[in-house]
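One-letter residues, chain by chain:
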Amino acid sequence: MDKPLTCVCISDTHGLHEDLPMLPEGDVLIHAGDCLGTGSVKSFESFAQWFESQPHRHKILVAGNHDRAICERPELITTLLPTSIYLQDRGIEINGFKFWGSPWTPTFHHWHFMLDRGAELKERWQQIPEDTDVLITHGPPHRVGDTVPMPTGNQYVGCEDLLIRTDQLRLKAHVFGHIHEGYGQYRRDGRLLINASTCTEYYEPINKPIEFQLEAGGALMPKILGIAL
């Protein structure tokens, strides 16, 4: 039997990557966006040097709403991340498993990689291929790891059309971040959903990476480090 493909998931490091302890070993390192702090080119250079230095054979990055330099200077991606895989509405196949990445989240203030709810976001999600095994988005689907406490009660800020689209697919795993308060793993109709936000709601980079394994033949063996839900 082929060796399982181990994926290590982080997100929302917000320029604090140097404060992280050594990451777990694995075959694929997934960062689901908001890798930058100030959003500047200097911040991108610092993150890219750190990300490229990680020992994982495959490194996948999706941008997030704080990643201004990636949005405004996309030509820097190939220069700063020569061995990493940047996914923006595109996919990659690794050991027979198909990964797809997309950075978009519903519009909130004037951040980056944001689109209005409805037709604009729906069109992006329709691009996700039917045979995708692992989906990586910056934002969560509606009511899954997307709860934000408010004085008037909890609000669910995830994307409704993303939930609809993922319910149509036979995903093995969906990795995202964006909503720091939603860190953890979830299950929906047999799918593993991971909010991999490294920073807490107070921007402390203390949430531990989350790992899962893909086996040849389609089996999924999730394991989470540091918390139990």
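Of regular secondary structure, the protein possesses five helices and 16 strands. Over its C-alpha trace the protein gives a radius of gyration of 16 Å, about what one expects of a compact globule, namely 17 Å for 229 residues. Evaluated residue by residue, the protein yields a buried proportion of 55% over its 229 residues. Surface accessibility of the protein: about 10600 Å² in total, with carbon and sulfur atoms responsible for 51%. A distance of 4 Å separates the average location of the 20 positive side-chain charges in the protein from that of its 30 negative side-chain charges.

Further remarks concern the packing of aromatic side chains. Counted according to the given criterion, the structure contains four aromatic pairs. Taken together, a centroid distance of 5.9 Å and an interplanar angle of 45 degrees make the contact between Phe47 and Trp50 tilted. Placement of the pair is Phe47 and Trp50 together in helix H1 (residues 41–53), with a separation of three residues, close to one helical turn. Ring plane angle 20 degrees and centroid distance 5.1 Å describe the contact between Phe47 and Phe51, whose orientation is recorded as stacked. One end of the pair is Phe47 and the other is Phe51, both in helix H1 and four residues apart, which spans about a single turn. Here the two residues Phe47 and Phe51 agree in accessibility, since each one is buried.

Strands pair in a sheet through their backbones, by hydrogen bonds, and they do so in one of two ways: parallel or antiparallel. A sheet is described by the order of its strands in space; here six strands give the open sequence E5-E6-E9-E12-E14-E13, paired in mixed fashion. With one partner strand each, in any of the chains shown, strand E5 (90–94) and strand E13 (184–188) form the two edges of the open sheet. Going across the sheet, the axis of each strand differs from the next one's by a mean of 20 degrees, ignoring polarity. Bridge count for strand E12 (residues 173–176) against strand E14 (residues 191–195) is four bridges, and the pairing is parallel. Note on E14: the bridge partner recorded for His174 is Leu193.

Attention shifts here to the side chain of Thr105. As for its placement among the helices and strands, Thr105 is situated in strand E7 (residues 105–106). Overall, the relative accessible area of 0% leaves Thr105 in the buried class. Those residues in contact with Thr105, other than ones at most four positions away along the chain, are Asn65, Phe113, Met114, Leu115, Leu121, His138, Gly139 and His178.

Moving on: unusual backbone geometry. At His109, a position not held by glycine, the phi torsion is positive, near 55 degrees. With respect to the secondary-structure elements, His109 resides in the loop between E7 and strand E8 (114–115). Phi angles above zero are rare outside glycine, and Asp189 is one such case at about 50 degrees. Relative to the helices and strands, Asp189 is located in the loop between E13 and E14.

This part is about the environment of Gly26. On the secondary structure map, Gly26 appears in the loop between strand E1 (5–10) and strand E2 (28–31). Given the relative accessible area of 24%, Gly26 is considered partly exposed. For the pair Gly26 and Glu52, spaced 26 residues apart in sequence, the C-alpha separation works out to 15 Å. Excluding anything up to four places from it in sequence, Gly26 contacts Thr6, Val8, His56 and Arg57.

Residue position: His58 is located in strand E3 (residues 58–61). Those residues in contact with His58 that lie beyond four places of it in its chain are Asp27, Val28, Leu29 and Ile94.

Procedures and definitions
- Residues numbered from 1 in each chain as written.
- Predicted model: local features only at pLDDT ≥ 70, side-chain atom pairs only at ≥ 80, totals over all residues.
- Heavy atoms only, no water.
- Helix = DSSP H or I, 4+ residues; strand = E, 2+ residues; numbered from the N terminus.
- Rg over C-alpha atoms; globule rule 2.2 N^0.38 Å.
- Buried < 20%, exposed > 50% of the residue type's maximum accessible area, 1.4 Å probe, protein only.
- Areas by Shrake-Rupley, 256 points an atom, 1.4 Å probe, with all protein chains shown as cover.
- Lys, Arg positive; Asp, Glu negative; His and termini not counted.
- Charge placed at Lys NZ, Arg CZ, Asp CG, Glu CD.
- Phe/Tyr/Trp six-rings, centres within 6.5 Å; stacked < 30°, edge-to-face > 60°.
- Pairing = 2+ DSSP bridges.
- Axes fitted to C-alpha atoms, helices over the stretch in contact; angles between N-to-C directions.
- Contact = heavy atoms within 4.5 Å.

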